[in-house]
Amino acid sequence: MPSIPLFPLNTTLFPDGHLPLQVFEVRYLDMVKRCIGQDEQFGVVCLLEGSETRVPDQQDTLSGGGTMARITECVTPMPGLLQISCVGTTRFQVRSAHQLKHGLWMADVDILAEDMVVPVPAEQQDVANALGSLIRSLQKKQISISKMPLSPPYRLDEAGWVANRWCELLRLPQEEKQRLLLQENPVLRLELIQDVLSENGLLDQQ
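Attention in this report is confined to the structure presented alongside it.

Thresholds applied
Residues numbered from 1 in each chain as written. Predicted model: local features only at pLDDT ≥ 70, side-chain atom pairs only at ≥ 80, totals over all residues. Heavy atoms only, no water. Helix = DSSP H or I, 4+ residues; strand = E, 2+ residues; numbered from the N terminus. Rg over C-alpha atoms; globule rule 2.2 N^0.38 Å. Buried < 20%, exposed > 50% of the residue type's maximum accessible area, 1.4 Å probe, protein only. Contact = heavy atoms within 4.5 Å. Areas by Shrake-Rupley, 256 points an atom, 1.4 Å probe, with all protein chains shown as cover. Lys, Arg positive; Asp, Glu negative; His and termini not counted. Charge placed at Lys NZ, Arg CZ, Asp CG, Glu CD. Polar contact = N/O pair within 3.5 Å; in protein donor to acceptor, adjacent residues only side chain to side chain. Expected span 1.5 Å × (residues − 1). Core = buried A, V, L, I, M, F, W, Y, C linked by side-chain atoms within 4.5 Å.

Details of the overall build of the chain
Check the secondary structure of the chain and you find five helices and six strands. When its helices and strands are written in sequence order, the chain yields β-β-α-β-β-β-β-α-α-α-α. For a compact globule of 206 residues, the expected C-alpha radius of gyration is about 17 Å, and the chain comes in at 18 Å, within 12% of that figure. The principal-axis extent of the C-alpha atoms belonging to the chain is close to 50 × 35 × 30 Å. Counting the 206 residues in the chain, one finds 44% classified as buried. A separation of at least 24 residues holds for 65% of the contacts in the chain among residues at least 6 apart in sequence. As displayed, the chain has an accessible area near 11000 Å², and 50% of this comes from carbon and sulfur atoms. For the chain, the centre of its 18 positive side-chain charges and the centre of its 26 negative side-chain charges are spaced 7 Å apart.

A few points about the side chain of serine 63
Topologically, serine 63 is positioned in strand 4 (residues 61-78). Of the residues examined, serine 63 reaches a relative accessible area of 5% and is grouped as buried. At 3.4 Å, the side chain of serine 63 and the side chain of glutamine 178 are in polar contact. Ignoring sequence-local partners within four residues, the contact set of serine 63 consists of Val45, Cys46, Leu48, Val94 and Gln178.

Here's the deal with helix 5 (residues 186-199)
Each turn of an α-helix holds 3.6 residues, which means side chains three or four residues apart point in the same direction. Over its 14 residues, helix 5 extends 20 Å from the first C-alpha to the last, a length consistent with the 20 Å expected when each residue adds 1.5 Å. Every buried residue of helix 5 is listed here: Pro186, Val187, Arg189, Leu190, Ile193, Gln194, Val196 and Leu197. Of the residues one or two after helix 5, glycine 201 is the one with positive phi, at around 70 degrees.

What about the nonpolar core?
Counting residues in each nonpolar core, the largest one holds 26 residues, and the members touching the most others are Val127, Val162, Trp166 and Ile193. For this core, the elements supplying multiple residues, two or more each, are helix 2 (125-140), helix 3 (159-169), helix 4 (174-181) and helix 5. Residues contacting valine 162, with those up to four places away along its chain left out, are Val120, Val127, Ala128, Leu131, Arg155, Leu156 and Leu190. Residues Leu21, Val23, Leu29 and Ile84 belong to the second largest nonpolar core, which totals 20 residues.

As structure tokens, then:
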């Protein structure tokens, strides 16, 4: 596929994940307007070293993989500022990346296969149950969908979806989130998340 624009962030976006962004740098304002105008997506990669905003002579270190983001909503509260909502779509690995003169990163990437739709195994049902309990507790607090850390539809019966939502919610090192993102087996990803939840006593309460 042709080169894609990248948006390096101090976070890891997973497929079906919700990502709100405030965009004010010229390099990203132009990118967002072009993506909306041409109905294109951009890539979100984790920033391992460096700053989200451009700093002169600073060297950025980008992760080797990321997730495509599709813009679902865009508002302009004031000139020079865009507030956008995005959803993660497909994962990719970066083959090569270079920075344009005005600071925008471009990359040649290989698109990774989407997760197979696999039911949550009985051995990991407690992981899905814990996520369901979290969702219900947020709903009881009457938190609006736009402010929820995860968006419907809630596919609590799918191993990959459950694993990805926990990957976003848990405070894991970014390098660990990257390994989980690029793990091709959704059940293995769910098993790894189960280990983290168990170690932190987050399943014992169920």
